[in-house]
2 protein chains.
Amino acid sequence: MSVRTLRVALLGCGVVGTEVVRLLRQQADDLAARTGARLELAGIAVRRADRKRDDDLDPALFSTDALGLATREDVDIVVEVIGGIEPARSLVLAAMEKGKAVVTANKALLANDGATVHGAARRYGADLYYEASVGGAIPLLRPLRESLAGDHVRRVLGIVNGTTNYILTRMEETGAGFADALDEALALGYAEADPTADVDGFDAAAKAAILAQLAFHTRVTAADVHREGITDVTAASVASARAMGCSVKLLAICERSDDGRSVGVRVHPAMIPRTHPLASVREAYNAVFVEAESAGRLMLYGAGAGGAPTASAVLGDIVAVSRNRLAGTRGPDESTYADLPVHPMGNAVTRYHVSLDVADKPGVLARVAEVFARHDVSIQQVWQDGRGDDAQLVIVTHRARDSALQATVLNLRALDVVRAVASIMRVEGEEAGRP
Amino acid sequence: MSVRTLRVALLGCGVVGTEVVRLLRQQADDLAARTGARLELAGIAVRRADRKRDDDLDPALFSTDALGLATREDVDIVVEVIGGIEPARSLVLAAMEKGKAVVTANKALLANDGATVHGAARRYGADLYYEASVGGAIPLLRPLRESLAGDHVRRVLGIVNGTTNYILTRMEETGAGFADALDEALALGYAEADPTADVDGFDAAAKAAILAQLAFHTRVTAADVHREGITDVTAASVASARAMGCSVKLLAICERSDDGRSVGVRVHPAMIPRTHPLASVREAYNAVFVEAESAGRLMLYGAGAGGAPTASAVLGDIVAVSRNRLAGTRGPDESTYADLPVHPMGNAVTRYHVSLDVADKPGVLARVAEVFARHDVSIQQVWQDGRGDDAQLVIVTHRARDSALQATVLNLRALDVVRAVASIMRVEGEEAGRP
């Protein structure tokens with residue numbers, strides 16, 4: 001049997017790109033056996049051609065003309081690992097127009113302008129694979145769009161940002177505050193010099209949009225995602241979570257409304273019971289927990305970032321599009337047939353942990369409880385932490401609408417017996433707070 | 001766009017089959033939107049046509065002529081959920097010969113005679129999907145054969161049998177012995193009246209063969225798998241594991257040898273550190289932990305059995321083969337190009353926890369240590385449990401060849417200071433036993 005050759009153009013050669021090159025070369029024989037085609041590197045688009053590269057590589061492979069490379073006649077597969085929206089989008093669109101299969105790790109592009117990119121894939125009959133955009137090497141998108149294609153996903157809870165999970169793990173383990181834990185993450189290379197994208201939840205929100213779209217077969221963009229970061233998580237909140245058997249995690253939550261007619265997508269810190277599988281996801285690891293009607297509870301866990309894990313996911317996609325190309329077919333298009341609206345955060349229904357600095361005198365609980373009752377927010381547990389001037393009243397609610405809880409908090413702030421609302425944190429998972 | 005119809009024949013209508021029928025009907029519109037074809041039930045082959053069925057179903061769908069149904073002109077997809085080798089094999093082969101796509105949950109058939117079934121799929125150009133054969137709804141086979149297709153899997157550690165994991169969880173939680181925990185599992189329906197297939201490791205061994213073949217691209221059958229069940233696991237072993245920070249799990253282990261030239265596949269109880277992600281897999285849940293060169297450590301977790309989860313996996317495969325059929329293509333063939341021999345258990349390299357009933361007198365440790373040294377088995381830790389006549393000497397070794405450990409144990413039994421070898425259990429995972 002004669003073995004065909006498929007030619008791969010790589011756009012971007014940073015941490016991930018370098019690993020992709022290494023794997024394409026090191027695994028060449030295995031890849032040929034698994035796809036039925038030799039995968040050959042056609043070229044590598046870089047910003048600066050004069051930078052020192054791996055000595056082994058033919059310098060003629062490098063080019064600063066990304067568009068020329070992406071659309072070159074002899075290229076079959078374009079791998080985009082530049083990141084960001086432009087010029088990545090233009091390059092990917094141009095490649096698809098020329099009939100190339102595209103493999104990308106670009107969460108920002110897919111979450112912010114997925115409609116354009118998916119639309120082009122459909123129009124030009126091009127393959128578009130993007131497993132590496134969420135959760136590094138963890139198989140997430142393929143299970144959601146293929147394995148669970150015959151099931152009905154109810155909810156996806158994900159720890160999809162390694163930096164914030166590392167910080168929260170350290171806060172839990174050492175009792176440190178956010179700033180100290182962030183410093184440690186910076187020192188160890190788990191956080192970038194400008195940590196905004198991670199700690200403010202932008203990275204997680206983009207990934208949540210991609211997961212929600214796959215889970216619910218409806219269009220979701222980053223702008224649809226309610227987003228709160230972890231900068232306001234205090235050592236006291238982490239300690240309080242611990243006292244009620246919970247861990248604090250930055251969760252990406254994608255869920256159907258109870259009536260199934262809309263979806264909600266939110267990223268925020270939350271307490272989850274330590275018995276929940278997600279609570280054991282520590283350090284920079286990522287995991288996505290899926291609740292589906294028939295499949296039940298699934299969790300997919302692994303390294304969510306890094307050059308090698310991300311490159312592994314890219315290679316898996318390269319193998320898939322290669323097989324498709326040899327078979328003269330392509331993978332499934334994006335699926336948005338369900339066409340469900342994304343409801344606002346106020347419609348989210350969950351549980352809350354509220355800490356109040358209160359005056360230590362009789363009647364306080366009655367006044368506070370009355371405010372919750374007025375907004376139909378039912379209290380599950382209440383206890384006092386500390387005594388005298390340091391006393392805090394901790395209230396854990398039953399499930400309530402977010403809008404009702406926010407109105408409750410506004411009213412609590414106005415009560416004379418409440419000196420301050422010390423913290424509000426959502427509680428996810430079934431058993432949290434039960435005695 | 002006119003929507004095509006694909007017709008599905010169901011062979012077997014037990015717990016899984018009933019759920020498949022329910023999902024095909026309940027999710028009909030979603031499945032049509034996701035595949036591009038209406039999926040219609042062409043017929044259901046059952047052993048006894050007169051048994052009472054779901055009132056909703058047209059009685060004309062039922063037939064005792066499985067072969068007739070599997071090969072009928074108007075059938076596109078054959079779903080086999082009968083289990084066991086015959087008649088399932090003949091039916092599946094006949095269906096593929098007639099060009100049907102086959103979806104099966106049959107681990108016994110694939111693990112014992114995969115060569116015949118995969119060979120027929122290749123010969124007749126038929127699709128053969130079997131995600132439901134291992135780990136229920138957990139996406140395992142698709143990640144191994146597709147997501148990790150560009151990576152190099154080093155080792156797969158799986159908890160792939162829910163019954164034994166339930167029993168071991170109860171033993172750990174309550175201190176019960178094997179017999180009592182089995183009784184509880186029977187009472188709760190987690191074990192079958194004849195629990196042999198589960199507790200003796202046959203079920204896990206079949207799944208291990210399937211996982212190993214996918215992970216290493218080489219032929220592995222159930223007969224290649226070294227198999228030990230959990231019937232000899234004692235409350236004392238579980239307590240001893242606990243004392244060293246470990247849990248006892250029945251593991252299916254598939255690994256490359258250190259030189260990469262052979263693979264080993266084994267199923268046996270083992271101690272793993274409680275910090276290992278697999279240790280938190282409790283009750284009847286399953287999980288598969290994968291170590292790959294680039295992807296690093298991945299874990300896929302979920303309900304490993306049951307009608308609905310297994311049916312979810314079957315439906316995912318039905319969607320996949322439907323999409324293939326509409327595109328005029330088929331999924332990847334089995335991949336056995338690596339053609340690596342399966343090495344015998346004696347070549348396995350791992351760590352061991354050995355408990356000895358010894359005489360409580362000076363010089364015992366020196367005599368025992370000399371036996372280990374003679375076989376080149378290096379001791380990592382040793383301690384004495386209890387005193388006087390009840391004293392046990394516990395030895396945890398560094399990594400050693402299984403053949404060397406077995407020879408050591410033979411020699412230990414012959415020592416006059418050793419009254420009995422109370423237990424030998426392998427220790428998996430990196431950190432176990434470290435202080």
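Just so it is clear, the structure is predicted and the values come from calculations on it, not from any experiment. (Residues numbered from 1 in each chain as written. Chains lettered and ligands numbered in written order. Predicted model: local features only at pLDDT ≥ 70, side-chain atom pairs only at ≥ 80, totals over all residues. Heavy atoms only, no water.)

A. Representation of the pattern of salt bridges. Counting across every chain of the model gives 58 salt bridges over all chains. We note a salt bridge from R374 of chain A to E370 of chain A, for which the minimum N-O separation is 2.9 Å. Residue R374 of chain A and its partner E370 of chain A are both found in helix α13 (residues 364-374); the two are separated by 4 residues, about one turn of the helix. For E370 of chain A, a relative accessible area of 40% translates into the label partly exposed. The partner of R399 of chain B in a salt bridge is D258 of chain B, with the nearest N and O atoms 4.0 Å apart. With R399 of chain B in the loop between β15 (392-397) and β16 (400-401) and D258 of chain B in the loop between β9 (246-256) and β10 (263-273), this pair connects stretches of sequence that are 141 residues apart. (Salt bridge = Lys/Arg side-chain N within 4 Å of Asp/Glu carboxyl O. Helix = DSSP H or I, 4+ residues; strand = E, 2+ residues; numbered from the N terminus. Buried < 20%, exposed > 50% of the residue type's maximum accessible area, 1.4 Å probe, protein only.)

B. Representation of unusual backbone geometry. Residue and element names in this part refer to chain A. Here E86 and P87 are connected by a cis peptide whose omega angle stands at 5°. For P87, the location among the structural elements is in the loop between β4 (77-80) and α4 (88-97). At E283, a residue that is not glycine, the phi angle is positive and equals roughly 55°. Inspection of the secondary structure assignment puts E283 in the loop between β10 (263-273) and β11 (285-292).

C. Highlighting the interface of chain B and chain A. Tallying the contact residues gives 46 residues for chain B and 46 residues for chain A. Summing both sides of the interface, chain B and chain A together bury roughly 4,000 Å²; the carbon and sulfur share of this comes to 50%. Taken together, the links from chain B to chain A amount to 2 salt bridges. At the junction of chain B and chain A, the tally comes to 22 residue pairs in polar contact (both at pLDDT 80 or more). For the side of chain B that touches chain A, the elements supplying multiple residues, two or more each, are α1 (15-26), α2 (28-35), α6 (141-147), β12 (296-303) and α12 (307-327) of chain B. Looking at which element gives the most residues to the side of chain B that touches chain A, the answer is α12 of chain B, with 8 residues. In terms of residue class, the side of chain B that touches chain A is built from 24 nonpolar, 12 polar and 10 charged. Two elements, strand β12 (residues 296-303) of chain A and β12 of chain B, share 3 bridges in a ladder whose sense is antiparallel. What sits directly across from M299 of chain A, in β12 of chain B, is Y301 of chain B. (Contact = heavy atoms within 4.5 Å. Buried area = accessible area lost by both parts, 1.4 Å probe. Polar contact = N/O pair within 3.5 Å; in protein donor to acceptor, adjacent residues only side chain to side chain. Nonpolar A, V, L, I, M, F, W, Y, C, P; charged D, E, K, R; others polar. Pairing = 2+ DSSP bridges.)

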